[in-house]
Amino acid sequence: MTIELRPVTDENFVEWRKAVRHGFGMQVHPDDIARLRNDRAEIDRLIAAVDTSSERIVATGGADSYSLTLPGGATVPMAGVAYMTTSVTHRRQGAFSGMMAQIHDDARERGDIISGLWASQSHLYGRFDYGLAINSCDWEIDPGFGAFSHSPLSADDESDAHVYFVDADEAAAILPGIYEQMHLQTAGSVDRNTGRWRYELFDEERVRGGASPLFFAICEEAGEQTGYVAYRMRRLGDTDMGTLEVSEQVSVTDTAHAAIWKFLMSFDLVGKITATNRPADDPLWWMLSDPRRLIRKSHDSLWVRLLDIPAALEARTYNADGRLKIGLVSKTQPEVAGTYVLEIDDSQASVKKTTDKPDVIMTPADLATIYLGGIAPGPLVEAGRIDTISTGSLAKLHAMFSTDSAPWCAHYF
Ligand SMILES: CC(C)(COP(=O)(O)OP(=O)(O)OC[C@H]1O[C@@H](n2cnc3c(N)ncnc32)[C@H](O)[C@@H]1OP(=O)(O)O)[C@@H](O)C(=O)NCCC(=O)NCCS
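Enquirer: Break down the pairing of strand S15 (residues 322-328) for me, with residues and values.
Expert: Of all 7 residues that make up S15, 5 are buried, and the element is covered over most of its length. Pairing between S15 and strand S16 (residues 338-345): 7 bridges, direction antiparallel. Note that in S16 the partner of isoleucine 326 across the bridge is tyrosine 340. By the bridge criterion, 3 bridges tie S15 to strand S18 (residues 360-362) in an arrangement that is parallel. Note that in S18 the partner of glycine 327 across the bridge is isoleucine 361.

Enquirer: An account of the side chain of threonine 86 is needed here, citing residue identities and associated values.
Expert: Its location among the elements puts threonine 86 in strand S4 (residues 75-86). Those residues in contact with threonine 86 that lie beyond four places of it in its chain are Val58, Ala59, Arg91, Ala95 and Phe96.

Enquirer: How would you summarise the pairing of strand S14 (residues 302-306) if you had to cite specific residues and measurements?
Expert: Along S14, 5 of the 5 residues are buried, which leaves the element largely enclosed by surrounding structure. The alternating pattern of S14 places Leu302, Val304 and Leu306 on one face and Trp303 and Arg305 on the opposite face, and all of these are buried. Sheet topology note: the strand S5 (residues 114-118)/S14 ladder contains 5 bridges and is antiparallel. Its bridge partner lying in S14, tryptophan 118 is registered against leucine 302.

Enquirer: A description of the sheet that holds strand S3 (residues 56-69) should follow, citing residues and the corresponding values.
Expert: In spatial order, the strands read S1-S2-S3-S4-S5-S14-S6; together these 7 strands make up an open sheet with mixed pairing. The open sheet terminates on both sides in strands that have one partner only, identified here as strand S1 (3-7) and strand S6 (131-132). The pairing of S1 with strand S2 (residues 46-51) spans 5 bridges and is antiparallel. When the bridges of S2 are listed, leucine 5 appears paired with alanine 49. Packed onto the sheet, helix H3 (residues 95-110) meets S1, S2, S3, S4, S5 and S14 and runs at close to 160 degrees relative to S4.

Enquirer: An account of helix H9 (residues 364-371) is needed here, citing residue identities and associated values.
Expert: Burial analysis of H9 places 8 of its 8 residues in the buried class, which makes it a mostly covered element. Every buried residue of H9 is listed here: Pro364, Ala365, Asp366, Leu367, Ala368, Thr369, Ile370 and Tyr371. Where H9 terminates, the next one or two residues include glycine 373, which has phi positive at roughly 85 degrees.

Enquirer: For the environment of threonine 9, give the residues involved together with the corresponding values.
Expert: When you line up the elements, threonine 9 lands in the loop between S1 and helix H1 (13-23). Of the residues examined, threonine 9 reaches a relative accessible area of 31% and is grouped as partly exposed.

Enquirer: Account for the pattern of salt bridges, with residues named and values stated.
Expert: Here the structure, examined in full by the defined rule, presents 24 salt bridges. For arginine 45, the salt bridge is made with aspartate 112, and the minimal N-O distance between the two is 2.8 Å. Here the residue arginine 45 occupies a position in the loop between helix H2 (30-40) and S2, and aspartate 112 occupies one in the loop between H3 and S5, the gap between them amounting to 67 residues. Judged by its relative accessible area of 4%, arginine 45 falls in the buried class. Salt-bridge contacts for arginine 208 lead to aspartate 203; the nearest nitrogen and oxygen are separated by 3.6 Å. In this structure, arginine 208 and aspartate 203 share a single accessibility class: buried. One network of salt bridges, with partners in common, ties together Arg21, Asp31, Asp32, Arg35 and Arg206.

Enquirer: Give me the site of the ligand: which residues, what numbers.
Expert: Close contacts around the ligand come from 19 residues, with Met84, Thr86, Arg92, Gly94 and Ser120 the closest. A distance of 3.2 Å separates an oxygen atom of the ligand from a polar atom in the backbone of glutamine 93. A distance of 2.9 Å separates an oxygen atom of the ligand from a polar side-chain atom of serine 97. Relative to its unbound accessible surface of 890 Å², the ligand loses 73% to contact with the protein.

Enquirer: Can you tell me about unusual backbone geometry, naming the residues and giving the values?
Expert: Even without being glycine, glutamate 55 reaches a positive phi, approximately 60 degrees. A relative accessible area of 46% means that glutamate 55 is categorised as partly exposed. Despite not being glycine, leucine 269 has its phi angle at roughly 60 degrees, a positive value. Relative to the helices and strands, leucine 269 resides in the loop between helix H6 (254-264) and strand S12 (272-279). Using a relative accessible area of 54% as the deciding quantity, one classes leucine 269 as exposed.

Enquirer: So, the packing of aromatic side chains: which residues are in play, and what are the values?
Expert: The final tally for this structure, using the stated rule, is 16 aromatic pairs. Their ring planes at 85 degrees and their centres at 5.6 Å tell us that tyrosine 179 and tryptophan 197 sit as a pair that is edge-to-face. In this pair, tyrosine 179 sits in helix H4 (residues 168-185) while tryptophan 197 sits in helix H5 (residues 194-201), placing the two residues 18 residues apart along the sequence. The class of tyrosine 179 is buried, set by a relative accessible area of 1%. Relative to tyrosine 231, the ring of phenylalanine 215 has its centre 5.1 Å away and its plane inclined at 15 degrees; by these criteria the two rings are stacked. Of the two residues, phenylalanine 215 sits in strand S9 (residues 215-221) while tyrosine 231 sits in strand S10 (residues 224-234), which places them 16 residues apart along the sequence. Phenylalanine 215 sits in the partly exposed class, given a relative accessible area of 33%. Given the relative accessible area of 1%, tyrosine 231 is considered buried. Of the aromatic side chains, those joined through ring pairs into one cluster are Phe165, Phe215, Tyr231, Phe263 and Phe267. The ring of phenylalanine 202 has arginine 35 sitting right over it, with the charged end atom 3.9 Å from the ring centre.

The rules behind these values
- Residues numbered from 1 in each chain as written.
- Predicted model: local features only at pLDDT ≥ 70, side-chain atom pairs only at ≥ 80, totals over all residues.
- Heavy atoms only, no water.
- Buried < 20%, exposed > 50% of the residue type's maximum accessible area, 1.4 Å probe, protein only.
- Helix = DSSP H or I, 4+ residues; strand = E, 2+ residues; numbered from the N terminus.
- Pairing = 2+ DSSP bridges.
- Contact = heavy atoms within 4.5 Å.
- Axes fitted to C-alpha atoms, helices over the stretch in contact; angles between N-to-C directions.
- Salt bridge = Lys/Arg side-chain N within 4 Å of Asp/Glu carboxyl O.
- Near = heavy atom within 4 Å.
- Polar contact = N/O pair within 3.5 Å; in protein donor to acceptor, adjacent residues only side chain to side chain.
- Areas by Shrake-Rupley, 256 points an atom, 1.4 Å probe, with all protein chains shown as cover.
- Phe/Tyr/Trp six-rings, centres within 6.5 Å; stacked < 30°, edge-to-face > 60°.
- Lys NZ or Arg CZ within 6 Å of the ring centre and 35° of its normal.

Here it is as structure tokens:
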């Protein structure tokens, strides 16, 4: 039996989409095929792995195109790897590895300097030199314990920020502008194009999981729209206090964040608020009078691979100037192995290879892990993942790569 990687076309798109859904244990709704084709999929970035003996698609993969914000505010093209499945009938025959190699080659040819993904299992992508670069948190809180001891809102908060409801059509017009501002000021975030907004805001009954349609509220300050929340209500019968499920909350100012969370904590008939994928360093915990009531469950979010290591290192800014030689060892990418010298001047790095002895040694995956500033290198040294060779090299590495706030990828793909 031979597995051949082939392009996805309008002829095999339906079979490909069904194969993706089956790979994740789901049946496909006919609307999903059109929605993905029209609003999200870039067909020339998709791969179908075909068993040549049956001519059936047995594995799927591909990428979406994104712009990723880096520490310092630059944005770079990123391949957002997605749709990766192999049919249970054809597992462990190399289809996944073959598709990943093709996706990386294709991404490099397109000029992407980074690829990123959300992993269904955390042990899948290290072998392809992906490092976990962002952690985020799922939250749960009883709003009865939602009082603030600290807040950037003035005592008379009505004057600086107010929150109002909008309907779905208004939300579709307003949310993208606020999200784009957040994207440009938040390292780790990716853009959302018009099609992707339609895809995200699709809200028919079958995607609600038994909860209400989406509600939307906007925060406005001095005539500027500075934040939003999209949420659903779930009530299990008349006596249930109900759960308010935040599906996305984005703000571009501290006051908008505070005003929206104050609004969310103020509902009658809500016994619990849940929120998924909150930033690792979201300030809400520091605003609550009884912060332990905010139950936070940390999980991995964006995994990153540096496709062009010098270009990626030169694209972000650094927190400390200086010179550091990073030795990279890689079984999977022998071509990137070697020592890279970072000369950082006025926060900008120039990077070239050297034959000098390195100050620190790590894999490309561990470099990707510290790249966005969300994971400090210290624990990676303690875990035996990064070797420090010269005295003071960990302090230097930490000072250079650290950032003022944690990266956040609000967009799941
Ligand atoms: C994950 C998945 C795509 C792997 O497909 P596959 O074609 O069997 O993978 P490959 O044969 O190319 O294996 C590549 C390597 O990954 C390992 N691997 C793959 N899936 C694994 C799993 N679930 N658990 C542990 N190791 C796994 C293989 O052992 C192999 O390791 P090696 O390089 O050391 O030999 C497939 O199992 C699948 O469809 N899973 C369900 C959907 C899913 O989770 N997709 C990922 C979305 S992020």
